[in-house]
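Structure assessment
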Amino acid sequence: MKIEIRGVRILIGALDQQAQAALVEDLRQVAAVAPFFQPETRRGGKLSVRMTSAGSVGWVSDRRGYRYDPRHPGGGEWPAIPTRLLDLWVEHARSEVLPDTCLVNYYGEDARMGLHQDRDEADLTQPVLSVSLGDYALFRIGNVERGGPTESLWLRSGDIAILEGPARLIHHGIDKIRFGSSGLLSRGGRINCTLRVAGISP
Ligand code: MD3
Ligand code: FE
């Protein structure tokens, strides 16, 4: 089923159990090369979400600020974006180019992500494609401008969201997950991966 909220296209139940399990295995292999880390903020705090990336660049945050970087904080290059994810981009994102980065977020029991915009990419007319795996997450969608009313919906395992057009610059966040609501990840929690065109040369 397809719904649209404030220009965000959400394909509910786009991936069956088998497709979800295959992606989890792909992302396990990504994390074996580029382990999840808990990004630090410029102010010295830590995000509650653990992150890693695949692609020619990956998103990192430390005391120097946040940016797309050709290297994992541990010093190595990022692994390639799994083919199965690129296939989803070709199928659902209305773009002529392929993504050059895939940000993988892991939400444990108490992780959340405050309202923010994604604007570190060079070309903000390129879409972002998000895949949700594991526990349910309460997703909040706001406005392009700061403030104003927001709408919330639960994203479930196998849902795909496409952020495109004017919706690409909408404020959004994850208020909470319902820990243990899905059996997909053996240790519980939620993985979200977002395919993006960072457009930043490594
Ligand atoms: C709406 N991740 O990594 S994905 C992020 O579930 C991020 O982990 C959330 O926000 C997560 O930056 C939400 C859905 C998403 C991603 C990018 C967007 C929604 C978006 C960009 C613009 C508008
Ligand atoms: Fe975001």
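Please read these numbers as outputs of a predicted model, since none were measured by experiment. (Residues numbered from 1 in each chain as written. Chains lettered and ligands numbered in written order. Predicted model: local features only at pLDDT ≥ 70, side-chain atom pairs only at ≥ 80, totals over all residues.)

**Some points on the overall build of the protein**
Each helix and strand counted, the protein has 2 helices and 13 strands in total. Against the 2.2 N^0.38 benchmark of 17 Å for 202 residues, the protein shows a C-alpha radius of gyration of 16 Å, consistent with a compact globule. A principal-axis box enclosing the C-alpha atoms of the protein has dimensions of 40 × 40 × 35 Å. By the burial criterion, 38% of the 202 residues in the protein qualify as buried. (Helix = DSSP H or I, 4+ residues; strand = E, 2+ residues; numbered from the N terminus. Rg over C-alpha atoms; globule rule 2.2 N^0.38 Å. Buried ≥ 20, exposed ≤ 12 C-beta atoms within 10 Å, placed from the backbone.)

**Quick look at the nonpolar core**
Within the largest apolar cluster, 45 residues are counted, with the highest numbers of intra-cluster contacts made by V8, L85, C102, V104, L129, A161 and C193. Residue contributions to this core peak at 5 residues, all from strand β6 (residues 101-107). Not counting chain neighbours up to four residues away, the residues in contact with V8 comprise I141, A161, L163, A167 and I170. (Core = buried A, V, L, I, M, F, W, Y, C linked by C-beta atoms within 7 Å. Contact = placed C-beta atoms within 7 Å.)

**Brief notes about the UniProt feature "binding site: substrate" (unreviewed entry) in the protein**
The positions that UniProt labels "binding site: substrate" (unreviewed entry) are, in the present scheme, W59, Y66, R67, Y68, D120 and R146. In three dimensions, the annotated residues from a span of 88 residues occupy distinct locations, with a maximal C-alpha spread of 23.9 Å. Take W59: it is sitting in strand β4 (residues 58-62). Accessibility expressed as a C-beta count within 10 Å gives 24 for W59, which makes it buried. Excluding anything up to four places from it in sequence, W59 contacts M51, S53, Y66, Y68, T101 and L103. Among the residues examined, D120 registers 13 C-beta atoms within 10 Å and is labelled partly exposed. Setting aside residues no more than four positions away along its own chain, D120 makes contact with Y66, R67 and Y68. (UniProt positions renumbered as here; feature names shortened; annotations may be inferred.)

**Some details on unusual backbone geometry**
Non-glycine residue R6 carries a positive phi angle of around 50°. Tracing the backbone shows R6 in the loop between β1 (2-5) and β2 (8-11). Looking at R6, the number of C-beta atoms within 10 Å reads 14, which means it is partly exposed.

**Regarding the UniProt feature "binding site: Fe cation" (unreviewed entry) in the protein**
Mapped onto the present numbering, the UniProt feature "binding site: Fe cation" (unreviewed entry) falls on H116, D118 and H172. A maximum C-alpha distance of 8.8 Å is found for the annotated residues, which run over 57 residues; spatially they form one tight group. In this fold, D118 is placed in the loop between β7 (113-116) and β8 (128-134). On the basis of neighbour counts, which here come to 17 C-beta atoms within 10 Å, the residue D118 falls in the partly exposed class. Of note, H172 is situated in strand β12 (residues 172-178). Overall, H172 belongs to the buried group, with 23 C-beta atoms counted inside 10 Å. Discounting residues that sit within four places of it in the chain, H172 has contacts with L115, F139, R140, I141 and G142.

**Remarks on the site of ligand 1**
Within the structure, ligand 1 sits among 17 residues, and N105, S130, L163, H172 and N192 are positioned closest to it. Breaking the shell around ligand 1 down by element, the ones donating at least two residues are β6, β8, β11 (160-163), β12 and β13 (190-196). For the shell around ligand 1, a count of residues per class yields 10 nonpolar, 5 polar and 2 charged. (Near = placed C-beta within 6 Å. Nonpolar A, V, L, I, M, F, W, Y, C, P; charged D, E, K, R; others polar.)

**Brief notes about the environment of C193**
Mapping C193 onto the fold places it in strand β13. When the C-alpha atoms of C193 and L133 are compared, they prove to be 8.4 Å apart, with 60 residues separating the residues in sequence.

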